[in-house]
Amino acid sequence: MKKRIIAICLVAGLLLVGFQVANNHLHLLQSPGVVISDYVEPDYELGPSHIDSLLPFPDVKKGERTPFDLWRYGGKGKTSFTTPDLRMSWEEWLAFNKKQKPELMADVREYMDSRYDFNGEVYEGKFMSGGRNPIMKGPITRLPKGVKSFEELSELTAYEIRERDLFPFKPLAHPLASTAHMVFPDNWNEAHPEHVRIDMDHDFPVEYLPEFPPPMFLTTHKELGDVTKGREVTIANYYEIFNGLLTPEQMEGLKELLRPSPTTWFNHTTHRVTEAPSAGVSCFSCHVNGHTNGAFELGPDSRPNLARLRVGTPTMRGNYNLMQLSSKRSIRSMDHFAEVEEYFDGDPGMQQHIGPRSQKREVTNRMGDFNSILDFPPAPKLDGMGNLIPEKSTKQELLGQELFRGKAKCVQCHYGPAFVDDYMHDLKVERFYKGRPEGPIKTFPLRGIKDSPPYLHDDRLPTLDDATEFFNVVLELGLTKEEKDAITAYMMCL
């Protein structure tokens, strides 16, 4: 018996040693990796756009004011993750935001007026596709002091513009990036007071935003023109409008696009920016009638919150012809788009606290089915191959088409039936200002572009004229005033 006990102990000891050896071996497999002891960080010729030249992001808590020039800042946040907790009681949160909002919005208006001349001037006889909203005339971006014209500005090199701080097209930030989330325009809030925020309002006059409600065009029923007949499509009227026009799958997809669901800051909990508990927002709260109402948010693809780029709401029209469907993320199909938008600001963990949409794959597929029949608006001056019909076009518009395909280089990124290449491009705009690079941004279609102001991913270009001036400077095209006006006139035909 004694020998047996000794043998058992020896076996146990060997097993323990073997386990320790195996455990040590496993530990060795989890090595920390190589560290270069004399590593020196190159700046990769980023110069003043390198992290060493940027200001560290300010330490702000939820709801606290953030700088309007966030492009001057860089660095990491304390964590990538959001919590569902406010930093104070609900009563204190409500009082804090109600006190701060008038002060914030006064500063927002002053800042926007320093960048833009919202003079209300319009193109006579030129309207968006619904025929109600005139197309606003520009450029309204204010030139820096000492520069008399955009032509004079475009004669300077990128280096000269950056070193003299003359670039008028710097990024536009979310006015309250510590909270961020969707900001709806005033005309939407008048119709939907449940989306009025306690902390801030939209920063653009409604005249410089898309018409509301916009017309809706369907690829399957072009003969109807605007299928809504001037109505905003809602969960209350969609069945009446579309029954007999859509397939059952498309009807279900449209219903889900119209159904509100809770989001990070529009929900039934106290982690919200509305005074009363909210049912949330729907896809068509921003993409109203399958188009856009000009609401803006922050791109979900980066952290900290203050590093996330402001993004406007792009139109959903014509997405049947596209393979890339978001400003910064790689969303490759309408179904994928419907699935990804379930997440809360790129933080699916918040769903655990506020409540996920929880749509099954077959439901998001049906949402994609409806999105994929949203058509571009009519373009009566274009033929079947997207060329201007000469007898319907002015000399200025025909010159614009020639420049678009030649000297202005627009066609390098904007071609085909949707006037888009479906790629992301890094224009390296930071060459013109001292600030954080924004990286690649999706090329958006120019088909129907007159209906979708403001322009660029962050809304920094209020009119088509501002967009033309921006690309003339950034691409160093050397266009004359006459040539720029012709390109703008051409884009109105698309």
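Okay, so let's go over this structure. (Residues numbered from 1 in each chain as written. Predicted model: local features only at pLDDT ≥ 70, side-chain atom pairs only at ≥ 80, totals over all residues. Heavy atoms only, no water.)

### Focus: the overall build of the protein chain
Summing up its helical and strand segments, the protein chain has 14 helices and 8 strands in all. Within the protein chain, buried positions represent 51% of all 494 residues. Long-range contacts, defined as pairs at least 24 residues apart, comprise 66% of the intrachain contacts of the protein chain with a sequence gap of at least 6. Treating the 58 positive side-chain charges of the protein chain as one cloud and the 70 negative ones as another, the clouds have centres 4 Å apart. (Helix = DSSP H or I, 4+ residues; strand = E, 2+ residues; numbered from the N terminus. Buried < 20%, exposed > 50% of the residue type's maximum accessible area, 1.4 Å probe, protein only. Contact = heavy atoms within 4.5 Å. Lys, Arg positive; Asp, Glu negative; His and termini not counted. Charge placed at Lys NZ, Arg CZ, Asp CG, Glu CD.)

### Section: the side chain of D422
Along the polypeptide, D422 turns up in the loop between α12 (395-405) and β7 (424-425). D422 gets classed as buried once you look at its relative accessible area, which sits at 16%. Here the side chain of D422 touches M323 through a polar contact of 3.0 Å, landing on its backbone nitrogen. Engagement of the side chain of D422 in a polar contact is seen with the backbone nitrogen of Q324, the distance being 3.1 Å. (Polar contact = N/O pair within 3.5 Å; in protein donor to acceptor, adjacent residues only side chain to side chain.)

### Quick look at the environment of P453
Summarising the element assignment, P453 is placed in the loop between β8 (441-442) and α13 (464-474). Remark: the alpha-carbon pair of P453 and F432, spanning 21 residues in sequence, is separated by 24 Å. The residues contacting P453, other than those within four sequence positions of it, are M128, Y208, L209, P210 and P462.

### What about the packing of aromatic side chains?
Under the criterion given, the structure shown has 23 aromatic pairs. A ring pair is formed by F167 and F169, whose centres lie 5.6 Å apart and whose planes are at 75 degrees; its orientation type is edge-to-face. For F167, a relative accessible area of 2% gives the class buried. Three or more aromatic residues link up through ring pairs in this structure, and these residues are W71, F150, F167, F169, F432, Y433, F470 and F471. A cation over a ring is seen here: R272 above W90, with NZ or CZ 4.0 Å from the ring centre. The aromatic ring of F444 is capped on one face by K442, whose charged end is 5.4 Å from the ring centroid. (Phe/Tyr/Trp six-rings, centres within 6.5 Å; stacked < 30°, edge-to-face > 60°. Lys NZ or Arg CZ within 6 Å of the ring centre and 35° of its normal.)

### Here's the deal with the environment of G74
Summarising the element assignment, G74 is placed in strand β2 (residues 73-74). Residues G74 and S49, spaced 25 residues apart in sequence, show a C-alpha to C-alpha distance of 9.5 Å. The contacts of G74, once residues within four sequence positions are left out, are I51, L54, L55, P56, F57 and R436.

### Structural notes on the packing of helix α7 (residues 248-258) against helix α11 (residues 361-371)
Any two packed helices are characterised by how steeply their axes cross, that is the angle between the axes, and by the distance between the axes. Remark: α7 packs on α11, axes separated minimally by 7 Å, with the N-to-C direction vectors making an angle of 100 degrees. Comparing the axis directions of α7 and α11 gives the class roughly perpendicular. Contact residues: α7 offers E249, Q250, E252, G253, L254, E256 and L257, while α11 offers V363, R366, M367, D369, F370 and N371. Classifying every residue of the contact of α7 with α11 gives 5 nonpolar, 3 polar and 5 charged. (Axes fitted to C-alpha atoms, helices over the stretch in contact; angles between N-to-C directions. Parallel < 35°, antiparallel > 145°, perpendicular 65-115°, else oblique. Nonpolar A, V, L, I, M, F, W, Y, C, P; charged D, E, K, R; others polar.)

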